[in-house]
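In case you want the letters, here they are:
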Amino acid sequence: MLYDKLFDEIYALLAINKAYPVSLDNLVKGEHPDWQDTHANLGIEVVRAMTPHMGYVRSIWNRYHGQDIKAIPLNKRKGFKGDFFTHKGKLVGISDNKGLVDGTNHITLAIEATYKKLELLNSSHFHVFHRNELFVFVPFTIDDSDLDLFCEKYQKVAGKFIYRFINIYLFDNNSLTRVLEKDLSFERYMYLEEQASSLNQ
């Protein structure tokens, strides 16, 4: 599934603003970083930590969940690398792989995406601001042990870079966690149900 990059970039600003009501009015659309405010000397880059296969799985789920499994074309079912879960013939669950699932894969993907953006931040293609921030869409729910693991892995990869993101936002649809680069502490904001719904409107 191809994601709409501009949609992601706008959604990221809305998610930040719901969790941390700060003025984002002066941000303008840019490229490297995606959002720029020259007056506040702020840049925000947005990335989705998801493999193409995971995106494909999500697109199948979004289209067919709750429907009869036979609604999914036979060629998609036979060639599918994951698993379908049904109840009374209806699709009630989907997995992007067969067998046991690595419970920390989403953190590995988030670190890989962050590392690539750190490389970009330190390249000649990136406008470096005084405050550079990164917003990462994470494909699965994050808990405290995931955050500890993210910070541990981040510490190992970030040291080689001159420029870093002062804030890294990890968004999992239910919560937004702001990781502060200076000491790798984090603040977690859990969206209320109505806030989560308004983000998706």
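Provided above is the structure to which this section pertains.
Now for a look at the structure at hand. (Residues numbered from 1 in each chain as written. Predicted model: local features only at pLDDT ≥ 70, side-chain atom pairs only at ≥ 80, totals over all residues. Heavy atoms only, no water.)

Points about the overall build of the protein
Point 1. When helices and strands are tallied, the protein shows 6 helices and 9 strands.
Point 2. On C-alpha atoms alone, the protein measures out to a radius of gyration of 18 Å, which is about the 17 Å that the 2.2 N^0.38 rule sets for 201 residues.
Point 3. Dimensions along the principal axes, computed over C-alpha positions, put the protein at roughly 55 × 35 × 30 Å.
Point 4. Looking at the protein residue by residue over its 201 residues, the buried ones come to 43%.
Point 5. Partitioning the intrachain contacts of the protein with sequence separation of at least 6 by distance along the chain shows that 60% fall at a separation of at least 24.
Point 6. Per element, the accessible surface of the protein, about 11200 Å² overall, is 54% carbon and sulfur.
Point 7. Of the side-chain charges in the protein, 24 are positive and 26 negative, and the distance between the mean point of each set is 9 Å. (Helix = DSSP H or I, 4+ residues; strand = E, 2+ residues; numbered from the N terminus. Rg over C-alpha atoms; globule rule 2.2 N^0.38 Å. Buried < 20%, exposed > 50% of the residue type's maximum accessible area, 1.4 Å probe, protein only. Contact = heavy atoms within 4.5 Å. Areas by Shrake-Rupley, 256 points an atom, 1.4 Å probe, with all protein chains shown as cover. Lys, Arg positive; Asp, Glu negative; His and termini not counted. Charge placed at Lys NZ, Arg CZ, Asp CG, Glu CD.)

Remarks on the side chain of E45
Point 1. Its place among the elements puts E45 in strand β3 (residues 42-48).
Point 2. One polar contact links the side chain of E45 to the main-chain amide nitrogen of D34, over a distance of 3.0 Å.
Point 3. Once residues lying within four places of it in the same chain are set aside, the contact partners of E45 are H32, P33, D34, K117, L120, F126, E133, L134, F135 and F165. (Polar contact = N/O pair within 3.5 Å; in protein donor to acceptor, adjacent residues only side chain to side chain.)

Focus: unusual backbone geometry
Point 1. Cis geometry marks the peptide bond from H32 to P33; its omega dihedral reads 10°.
Point 2. Phi is positive for H32, close to 60°, though the residue is something other than glycine.
Point 3. Counting through the fold element by element, H32 comes out in the loop between β1 (28-29) and β2 (35-37).

Observations concerning the pattern of salt bridges
Point 1. Evaluation of the coordinates by the stated rule reveals 11 salt bridges.
Point 2. Linking R188 and D144 is a salt bridge whose minimum nitrogen-to-oxygen distance equals 3.7 Å. Placement of R188 in strand β9 (residues 185-190) and of D144 in helix α5 (residues 144-158) is noted, with a sequence separation of 44 residues between them.
Point 3. Taking the relative accessible area as the measure of exposure, R188 reaches 33% and is therefore partly exposed. (Salt bridge = Lys/Arg side-chain N within 4 Å of Asp/Glu carboxyl O.)

Topic: helix α4 (residues 105-121)
Point 1. Taking 1.5 Å of rise per residue, the 17 residues of α4 would be expected to cover 24 Å, and the 24 Å separating its terminal C-alpha atoms lies within 8% of that figure.
Point 2. The set of residues buried in α4 consists of H106, I107, L109, A110, I111, A113, T114, K117, L118, L120 and L121. (Expected span 1.5 Å × (residues − 1).)

Points about the environment of F129
Point 1. By the secondary structure assignment, F129 is in the loop between α4 and β6 (131-137).
Point 2. The exposure class of F129 is buried, given its relative accessible area of 5%.
Point 3. Sequence spacing of F129 and Y163 is 34 residues, and the spatial spacing of their C-alpha atoms is 9.6 Å.
Point 4. Contacts of F129, omitting those with residues within four sequence positions, involve P33, Q36, D37, T38, N41, L42 and G43.

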